[in-house]
Amino acid sequence: MSSEPSASTSATRSLEETISLTISFRGASHPLTVAPTAPLLELHTLIEDLTDVPPPLQKVLYKGKKLVWESEETAQSRSVLEAGLKKGMKVQVLGSTLKEVEGMRKEEGEMMRRQRIMRERALKAPVKLRPTGGSVNTPTSISSASLQYRFYDIQPLPHLPSPASALVLLQKLSNDPAIQHVMKTHEFKVGLLTELAPHEHPELLGLNENRGQTIKLRLRTNDYDGFRNYKDVRRVLCHELTHNTWGDHDENFKRLNSQLNREVAEYEKSVANGTHSLSGVSSKDMYQPSSELEAEARTYVLGSASAVGSSTISSDLDGELPEERRRKLLDATMNRLRKEEEEIEHSCGTG
């Protein structure tokens, strides 16, 4: 009687010698089968076939563990089983395709070109202008010194999905006229504006390192299927800019943070009303408050609640006057904004 295994036995053993994984990438799930004794290089290669993300750009997350590319030699010498991957595991893959990386490089090249032009302009002497009519006064000096109060570098995280889209959002924040107004008014400088990865810092929405050397913001949703609301991200940015001056979340911090939020709302309201302008900026490019009520509430947030005086408002909605109803809605909006600010403070890694 032959001792060699039958074809069916070999097939069964072959199936037993593989593990099935579910690869999650940008909201889509893909089945993947690999031998537990296979080198990690084989796993990285199979993931590349599914996602178009090259092994050096892959970040593999599973069961609280993280697998990143170190070198081809390391990936060849370590097995799938040794990495802790087991049958039935769900694996999340992060990373950018070569096409996306190339697009980001082009964006970065254009951004660096613009920054070089800005630096060259900042180094030039102030422009002297003399009035063309009427009496001759002392020449007016238009200084380029305000160019120093800005974000000197902007970088998305290349290992996260759609870095080019993240770069666009960071650029929108850095070019936001209200933010530029605040930075110029308070002489804020930021060396690097970048993002936080939700899986790396799940508890944080923002972080200011060394009082403006680097500001990091949570741009993405937790499941990486999109980006957070622009207004919410910008408000976190105001919070982190406040840390350029005050480190702890004390009363000094709260007063300045409240002031920045008021200045953003008041600046945009003045532009919308045509009473303020920023050279070279169109009002259509600015964030417009969802309502006048929202804008007014933001001018009071973290400030004195006495500005509203809601305690004397009647609870009878049917019998209240329009002004009473408006004051009640304003009070509710202010309470909501205060709660949002508390959440930002609890999710800030700076103070």
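Procedures and definitions
- Residues numbered from 1 in each chain as written.
- Predicted model: local features only at pLDDT ≥ 70, side-chain atom pairs only at ≥ 80, totals over all residues.
- Heavy atoms only, no water.
- 1 Å grid on protein atoms, 1.4 Å probe; cavity = no way out; pocket = protein on both sides within 12 Å on 5 of 7 lines; lining within 4 Å.
- Points joined across faces, edges and corners; volume = space filled by probe spheres on them.
- Helix = DSSP H or I, 4+ residues; strand = E, 2+ residues; numbered from the N terminus.
- Nonpolar A, V, L, I, M, F, W, Y, C, P; charged D, E, K, R; others polar.
- Salt bridge = Lys/Arg side-chain N within 4 Å of Asp/Glu carboxyl O.
- Buried < 20%, exposed > 50% of the residue type's maximum accessible area, 1.4 Å probe, protein only.

- As named in an unreviewed UniProt entry, the protein is WLM domain-containing protein, taken from Crepidotus variabilis.

1. Section: the layout of surface pockets
Thought 1: Looking at the second largest pocket, its volume works out to about 160 Å³.
Thought 2: Lining the second largest pocket are 14 residues, and of these L40, L67, V68, E70 and R78 lie nearest its centre.
Thought 3: Those elements that provide at least two residues to the lining of the second largest pocket are α2 (40-51), β4 (65-68) and α3 (72-77).
Thought 4: When residues in the lining of the second largest pocket are grouped by element, the largest group, four residues, is from β4.
Thought 5: Within the lining of the second largest pocket, the residues separate by chemical class into seven nonpolar, three polar and four charged.

2. Re the pattern of salt bridges
Thought 1: What the rule picks out here adds up to six salt bridges.
Thought 2: In this structure, E100 and R26 form a salt bridge, with 2.6 Å as the shortest nitrogen-oxygen distance. Taken as a pair, E100 in helix α4 (residues 98-123) and R26 in the loop between β1 (19-25) and β2 (28-34) lie far apart in primary sequence, 74 residues in all.
Thought 3: Take R26: its relative accessible area is 32%, and that puts it in the partly exposed class.
Thought 4: Of the charged contacts, one joins E195 and R220 as a salt bridge, the two residues approaching to 2.8 Å between their closest N and O atoms. Taken together, the residues E195 in strand β9 (residues 192-196) and R220 in the loop between β11 (214-218) and α7 (230-242) connect sequence positions 25 residues apart.
Thought 5: Residue R220 is classed as buried on the basis of its relative accessible area, which comes to 3%.

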